[in-house]
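The lines below spell out each chain.
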Amino acid sequence: LTQRATRNRSAVFAQTLVSNIEGKAPLLRRSHRDAGFMVLLAPDVPAVLLEMGFVSNPDDEARLRDPAARKRLMQAVARSIDQQFNPTFKLASR
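(A) Summary view of the overall build of the chain. When its secondary structure is counted, the chain shows three helices and zero strands. Helices and strands appear in the chain in the N-to-C order α-α-α. Here the chain, with 94 residues, has 20% of them falling under the buried criterion. Considering only contacts in the chain between residues 6 or more positions apart, those separated by 24 or more positions represent 67%. Carbon together with sulfur atoms contributes 55% to the accessible area of the chain, which is approximately 7500 Å² in total.

(B) Structural detail: the packing of helix 2 (residues 58–65) against helix 3 (residues 67–84). Between helix 2 and helix 3, the least distance of the axes is 5 Å, while the angle of their chain directions is 85°. Classified by the angle their axes make, helix 2 and helix 3 are roughly perpendicular. Across from R63, L64 and R65 in helix 2, the residues of helix 3 making contact are P67, A69 and R70.

(C) Looking closely at a nonpolar patch on the surface. Judged by side-chain polarity, F37, V39 and L49 come together as a nonpolar surface patch covering roughly 320 Å² of accessible area. When you line up the elements, F37 lands in the loop between helix 1 (2–21) and helix 2.

(D) Summary view of the nonpolar core. Of all hydrophobic cores here, the largest spans eight residues; its members are F13, L17, I21, A25, M52, L73, A76 and V77. For this core, the secondary structure elements donating two or more residues are helix 1 and helix 3. Residues contacting A76, with those up to four places away along its chain left out, are N20, I21 and K24.

Rules and cut-offs
- Throughout, residues of each chain are indexed from 1 in the direction in which the sequence is written.
- With pLDDT at 70 or above as the cut-off, local features in this predicted model cover only qualifying residues; side-chain atom pairs require 80 or more to be listed or tallied, and sums for whole chains, interfaces and linings still use all residues.
- In computing side-chain values, all of the structure's heavy atoms are included and hydrogens and water are not.
- Only DSSP runs of H or I reaching four residues or more are called helices, and only runs of E reaching two or more are called strands; each is numbered from the N terminus.
- Only protein chains enter the accessibility calculation, which uses a 1.4 Å probe; a residue is then buried when its area is under 20% of its type maximum, exposed when over 50%, and partly exposed in between.
- The contact definition used throughout considers only heavy atoms, calling two residues in contact when any of these lie within 4.5 Å.
- Using a 1.4 Å probe, the Shrake-Rupley method yields the accessible areas, and only the shown protein chains count as cover for residues.
- Here, axes are lines fitted to C-alpha atoms. For helices the fit covers the stretch in contact, and angles between N-to-C directions go from 0 to 180 degrees.
- Angle categories: roughly parallel below 35 degrees, roughly antiparallel above 145, roughly perpendicular from 65 to 115, and oblique for all the rest.
- What goes into a patch is any residue over 30% in relative accessible area without a salt bridge, connected to like charges within 9 Å or, for nonpolar side chains (Val, Leu, Ile, Met, Phe, Trp, Tyr), within 5 Å.
- Put simply, a salt bridge is a Lys or Arg side-chain nitrogen that is within 4 Å of an Asp or Glu carboxyl oxygen.
- What we call a nonpolar core is a set of buried Ala, Val, Leu, Ile, Met, Phe, Trp, Tyr and Cys residues that are connected through their side-chain atoms within 4.5 Å.

Right under this line is the structure:
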């Protein structure tokens, strides 16, 4: 049950990130996916992996080098974190 709750919280946060980043950077059609990476598999710690681009892609590299573009992306990430950990967000207690 803990693992399911953790996966659900991770999925909610991932969707929040995608929603906030949309329009600030190009997104894949299927932006939110699951993966078996060790950093994402803790049974009791929600986790997401966010890739902002690839330096091997010239368009992504240009966007990552642009301070204004980085600021927009990081503001979207910060807004997502604020929404996730809003004081009205209640964590289950043991």
